[in-house]
Each structure stands twice: as structure tokens, then as C-alpha cells.
Amino acid sequence: MHNKSLSELSLLLRQRECSSVEMTRYFLDRIENDNRLLNSFITVTPDVALRQAKVADERIQSGNAETLTGIPLAHKDIFCTQGVKTSCGSKMLDNFIAPYNATVVEKCQAAGMIMLGKTNMDEFAMGSSNETSYYGPVKNPWDTKTVPGGSSGGSAAAVSARLTPIATGTDTGGSIRQPAAFCGITGLKPTYGLVSRYGMIAFASSLDQGGPLGHSAEDVALLLNVIAGFDARDSTSLNHPKEDYTKHLNDNLAGLKIGLPKEYFSEGLDPEVFKVLEAARSELEKAGATLHEIHLPHTELAVPIYYIIAPAECSSNLSRYDGVRFGHRCNNPSDLTDLYKRSRAEGFGAEVKRRIMIGTYALSAGYYDAYYLKAQKIRRLIRDDFVAAFKQVDVILGPTTATTAFKIDEKVDDPIAMYLSDIYTISVNLAGLPAISIPAGFVNQQPVGLQLIGNYLNEAQLLNVAHQYQQRTDWLMQNPLGIAG
Amino acid sequence: MSLPKVENMAHLARISLSEQDIPLYTHHLSDILSFVEKMNSVDTSNITPLAHPLDMVARLRPDIISETNQRDHFQTIAPQIEAGLYLVPKVIE
């Protein structure tokens, strides 16, 4: 059952070959057996899941089911879930029971999907390896000595090990695509504003975007159908008409123009990863696409300006954690300042503190123009590079990451090396574009991700290209060793 | 970045740092700041800063109450309350 696509699972339920309760129990058992090894869940919610599954079964019986009614999923622990702990991977929120549901959670519930639990993540989504989580690192199912990537590493590992058919994640600088690449699955970061940020714990508000992590482009399209859409409760939500993201999956690629940015295939990219991408490129050529070299000249500035913009926004967003209204509070504060300072010192981990301090510095009097404003100006140059590129090509193809998954502890003491692991994903967030990472092969039995970047609101086209590639290759059929079951 | 500067940043961010932590934070924060220096290689004198990737302006709504009072509900997760109020150390003598 765990190797089935969402459409196949949906068919099983509709044809009454399996009930949602049975399907839910099946995946809960898989979590029970394998999660200890992977640490991909912070909270498993069997009671909620079985209650929702019973309701879904009644809905299927009465003929009111939607495509994903009765199908289990896991939510990244950044999405608020009413009555269920929402920790954001932090000690600060270890005792936080969200008083309301995120819009994404609400939409999945309304579609009749079943929440299996909340997945592990880098603390407040700040990290590229899942090692900054208060709940310990997640292991990559392909090699448990390596990281699953981050920050949505728990979601990626859980999908990859088939503990859940699909999961939600968030992407601020690559946090859906990089773990999807490292774990050999498909992850989509939608256009900024397509998926509501309401109830999604804020890190860097001008960059944060929720999206799906699943096995195939088709599965991801089905979940995007559920979670995308305008939300008045998110002031940056796009008022874009509802689309069916599965509609163009089978379109022919003849005449499709694919851009290859020179800057993405230069030094720094592992030569073995390069070979895998070359093979993928020719596969798409065989499918009728044409390849064109393009330039994104400001690429090397993306990581530096991201580490001004994201920390600046984070320092502002995380000022709400003050030990007064919710979250961690220190013992016996001597005065109000002591209460703030010690609650935050005890509640936040080192990476979060570093980013808050950098952001505070970049926004402080006398430094604002030199850092934050300068970074926002270069952000426009990066965006304009893409605008110019999309006048020549339909989609852009490149690596998701420069290498396959690195070892646990390898980069944990070197923040800059860790930051640079997002070099190919960060520009997309700065420009607000949609992008998808899909499995494209292996180097030393470790999965390699291929990234496709689309023009604004062109998710359907990205999913079409990804699906066509997945129809022609069998990377999706491969499971991590020991997980196949 | 100097030690006193890091101490000041930590104070502005309302985070207490222990004596033994300060050198490592100073080291890491200095690394990050020299890394972002690369920004200065570009002349941006005629560029307008980009605040929103789709150049969208904030949506406005009519000034009418849209939320219900949920004080009790929200206070169930507060660290310390009394009579519907959040308790903090004494601020005014």
C-alpha cells in the first residue's frame, strides 16, 4: 500500500477495497516501526487521525468524498494545529498548543485528509540540515549517517521512507526543495502568496511559502489543488483564480524552451551531479524540449543578501517570543528585562540567536541603509535577471543542490558552509517564483535533485514538465534500502 | 565585530549571552558580516529597493471588527495569569 500514488490510494478508498481507518492504521504502524530510526516526527497524532478517518469513511459512504478524502498526510510542525502541540522545532514552543488551525491545515481537513502527525524541522525553519531542531536531528532514509536536508527535513524523510503518502512543508530559502533533493522525492515551492501563510509560524515574511512534498509531480499537484487559494487572513495572499494543477500534466513538451543558467553549471557543482543533470537534460530534449543557455548574472549575490533580508525579518517576527503570553518563560525573573532576556536565551537555539542578532544589527540605527536597504536593492537586480530570462525561455533547469546529502555534523560548526548549501534555491525565494525539485538519479546511491524554475503562477507548467520527465524515467520507483518493506 | 558590539546586539535583541558564549558568537557573527560584504561589489545607486517580489501593495479592508473575543481561550497557554491578566515582574514601584 505504501508504494501507491495518491490517485491509487484514492481509488482503493472509493472502490471500498480499503477503508480510511485501515489505511490510517497502516501508516501509523509504519511510523511506529520506523520513526525511532529516522526521528522524522515530533508528534504523532493517532487519536486525531483515527477520528478523522472515521468521519472520512462516512463521507465516502455517503458519496460526498473529494479526491483526497480519507488519505493520510503529515504537517510540518510549523503549521498551527488546534489542540495539538505546534513546536516549530523549538524549546521556545515546546509547551505551545495552538489555539487555532493554520489555513493550510483547515483546507486539508475540509478536503477530508487525515493528519498522522507533525514532522520534525530545523528550529523556526532556520537551517539546511534539520540539525538545529530542539528534538534532535532527522536521519536521511537513504543513508542514516547523512542529513535529510532542511528545514522541512522531517516531512521529506517521512515521505521518502513512505511513513506518509504526502506531507506539507515551507520554503524560505530552499526548505522544501533542498530536503526533497536529498531524500529523493518531489517538492514544490509555489509562487509567493499562492498558499496562505495564516497560522504558518513566521520566519521571513517576504520569503516564506508553504507547499507540498510527495513522491511524484502528480501527487504534489493533487495536494496543491487543496492548499492553494486566496485567504483574506493573509495580507500577502494572491487573489488568483482557482486552478486544477493536474489539468496540464499530460501536455506534450514539443516546443518547450528550457533555459540553462550558465551560473548554475559552473564551478562548485559536483561533477557527478553535473553528469546526472546532463542525462536529465537530454531526456527532456528527447521529449521535444529545446535547450538554451541563459544568464542570471547576479546569482552569486543571492546568498549574501538573503543573510541580511531573512535575519532582518526574523528578528522582527521573533520579537513576539517574550515569555509573557505564550511559550517558554524563565524561572524567577528579577525584572521585566531579565524575563525577556533569559526566556529568549533559554528558549532559542544558537542558530536562531545568531540570526536574530544579525537581523537586529542590520536594522539598527546607522546600519539600515548599508545592509537592509542595500540588500533590497540587489534583490530587485536578482528578480530582474529572472524577468529577463523568462522573455527567452519557458522554464529554467538547474541543480537543486551542488552535492548529494552531506554527513550529520559535517557543517554544523560552520554557518557559512551551511548557508552555501542553498546556493541554487535562494534566488527563487528572493524573486518570489515557483520552483520544483524532482529526483533525477543517484550518485553513490544518494539521490540527486533536479530543479525546475517557472515564471510567476506557472505551477501547472512546472508540474507538466516534471510529470513528463517522471513518465520517462523510473527514479520514483526506487525506495531507500531497508525501507522498501 | 567587537565583543562590546556583540554584547550590545544581544541586548537590543533581548537575549542574554553567557560570558563563555560571547567569543563564539563574535566569531560567527563576524564571519557572516564579512560574507555579506560581497554586496558592496555592486553599484546600486539608481536601483529602487524591492520589498515585494510581485510589486504588490498591502491590501486594505474596512475598519470593522472581524474577530471575536477569545481572551480566556488564548490565556489557557499563558505562562502566568491572574484574574484575566498576564503577570510579569513588577514594572512600576
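Placed above this text is the structure.
All chains use their own residue numbering, which begins from 1 and follows the written sequence. Note on labels: chains are lettered from A, ligands numbered from 1, in written order. Note on the predicted model: pLDDT of at least 70 is required for a residue's local features to be given, and 80 or more for side-chain atom pairs to be given and counted; whole-chain, interface and lining totals, by contrast, use all residues. In computing side-chain values, all of the structure's heavy atoms are included and hydrogens and water are not.

What follows is about the overall build of chain B. Only DSSP runs of H or I covering at least 4 residues are called helices, and only runs of E covering at least 2 are called strands; the numbering of each starts at the N terminus. The helix and strand tally for chain B stands at 3 helices and 2 strands. Along chain B, from the amino end to the carboxyl end, the secondary structure elements read α-α-α-β-β. Dimensions of chain B along its principal axes, counting C-alpha atoms only, are 55 × 45 × 25 Å. Each of the 93 residues in chain B was classed as buried or not, and the buried ones make up 27%. By element, 56% of the accessible surface of chain B is carried by carbon and sulfur atoms, the whole surface being about 6500 Å². Residues counted as positive are Lys and Arg, residues counted as negative are Asp and Glu, and His and the chain ends are not counted. Note that the charge is assigned to NZ on lysines, CZ on arginines, CG on aspartates and CD on glutamates. Considering chain B, the positive charge centre built from 7 side chains and the negative charge centre built from 12 side chains are found 5 Å apart. Each residue is assigned to one of three classes by its accessible area relative to the maximum for its type, calculated with a 1.4 Å probe on protein chains only: buried under 20%, partly exposed between the two thresholds, exposed over 50%. Accessible surface area values rest on a Shrake-Rupley calculation with a 1.4 Å probe, where residue burial reflects the displayed protein chains alone.

Another aspect to go through is helix α11 (residues 350–363) of chain A. Between the first and last residue of a helix there are one fewer steps than residues, each counted as 1.5 Å, and that sum is the expected span. Between its first and last C-alpha, α11 of chain A extends 20 Å over 14 residues, near the 20 Å set by a 1.5 Å rise per residue. Extensive coverage of α11 of chain A is indicated by the burial of 12 of its 14 residues. Along α11 of chain A, the residues classified as buried are Glu 351, Val 352, Lys 353, Arg 354, Arg 355, Ile 356, Met 357, Ile 358, Gly 359, Thr 360, Tyr 361 and Ala 362 of chain A. In what follows, a contact means two residues having at least one pair of non-hydrogen atoms within 4.5 Å. The secondary structure elements touched by the buried residues of α11 of chain A are α9 (302–317), α10 (336–347), α12 (369–389) and α13 (415–420) of chain A together with α1 (3–12) and α2 (22–36) of chain B.

Patches here: salt-bridge-free residues with over 30% relative accessible area, like charges joined within 9 Å, nonpolar side chains (Val, Leu, Ile, Met, Phe, Trp, Tyr) joined within 5 Å. Note on definitions: salt bridges are taken to be side-chain nitrogens of Lys or Arg within 4 Å of carboxyl oxygens of Asp or Glu. Together, Tyr 100 of chain A together with Phe 74, Ile 81 and Tyr 86 of chain B make up an exposed nonpolar region whose accessible area comes to about 320 Å². As for its placement among the helices and strands, Phe 74 of chain B is situated in helix α3 (residues 71–75). Classification of Phe 74 of chain B by relative accessible area gives partly exposed; the value is 33%.

Further remarks concern the side chain of Thr 172 of chain A. All names here are of chain A. Positionally, Thr 172 belongs in the loop between β4 (166–171) and α6 (177–183). Thr 172 gets classed as buried once you look at its relative accessible area, which sits at 2%. Counted as a polar contact is a pair of N or O atoms within 3.5 Å, where, for protein atoms, one must be capable of donating a hydrogen and the other of accepting one, and residues adjacent in sequence contribute only when both atoms are in side chains. Side chain to side chain, Thr 172 and Asp 208 meet in a polar contact 2.6 Å long. Ignoring anything within four residues of it in the chain, the contact list for Thr 172 reads Phe 203, Ala 204, Leu 207, Asp 208, Tyr 306 and Asn 429.

What follows is about the packing of aromatic side chains. All names here are of chain A. By convention, a stacked pair of Phe, Tyr or Trp rings (six-membered ring in the case of Trp) has centres within 6.5 Å and planes under 30 degrees apart, an edge-to-face pair has planes over 60 apart, and any other such pair is tilted. For the structure on display, the rule yields 19 aromatic pairs over all chains. Pairing Tyr 100 with Tyr 198 gives two aromatic rings, centres 5.4 Å apart and planes at 40°, and the pair type is tilted. Of this pair, Tyr 100 sits in the loop between β2 (72–76) and α4 (103–110) while Tyr 198 sits in the loop between β5 (186–189) and β6 (209–214), and the two are 98 residues apart along the sequence. For Tyr 198, a relative accessible area of 22% puts it in the partly exposed group. Where Tyr 264 meets Tyr 424, the ring centres are 5.5 Å apart and the plane angle is 50°; that geometry is what we call tilted. Residue Tyr 264 is located in the loop between β7 (257–261) and α8 (271–286), and its partner Tyr 424 is located in the loop between α13 and α14 (426–431); the two are separated by 160 residues in the primary sequence. Taken as a pair, Tyr 264 and Tyr 424 share a single burial class, namely buried. Clustering of aromatic rings is evident, with ring pairs tying together Phe 96, Phe 124, Tyr 321, Phe 326 and Phe 348.

All names here are of chain A. For our purposes a nonpolar core is just a set of buried Ala, Val, Leu, Ile, Met, Phe, Trp, Tyr and Cys residues, chained together by side-chain atoms within 4.5 Å. Counting 168 residues, the largest nonpolar core has Phe 124 and Phe 386 as its most contacted members. With 10 residues, α9 is the largest single contributor of residues to this core. Here Phe 124 is in contact with Cys 88, Ser 90, Met 92, Leu 93, Ile 201, Phe 203, Leu 318, Tyr 321, Phe 348 and Val 352, once residues within four sequence places are set aside.

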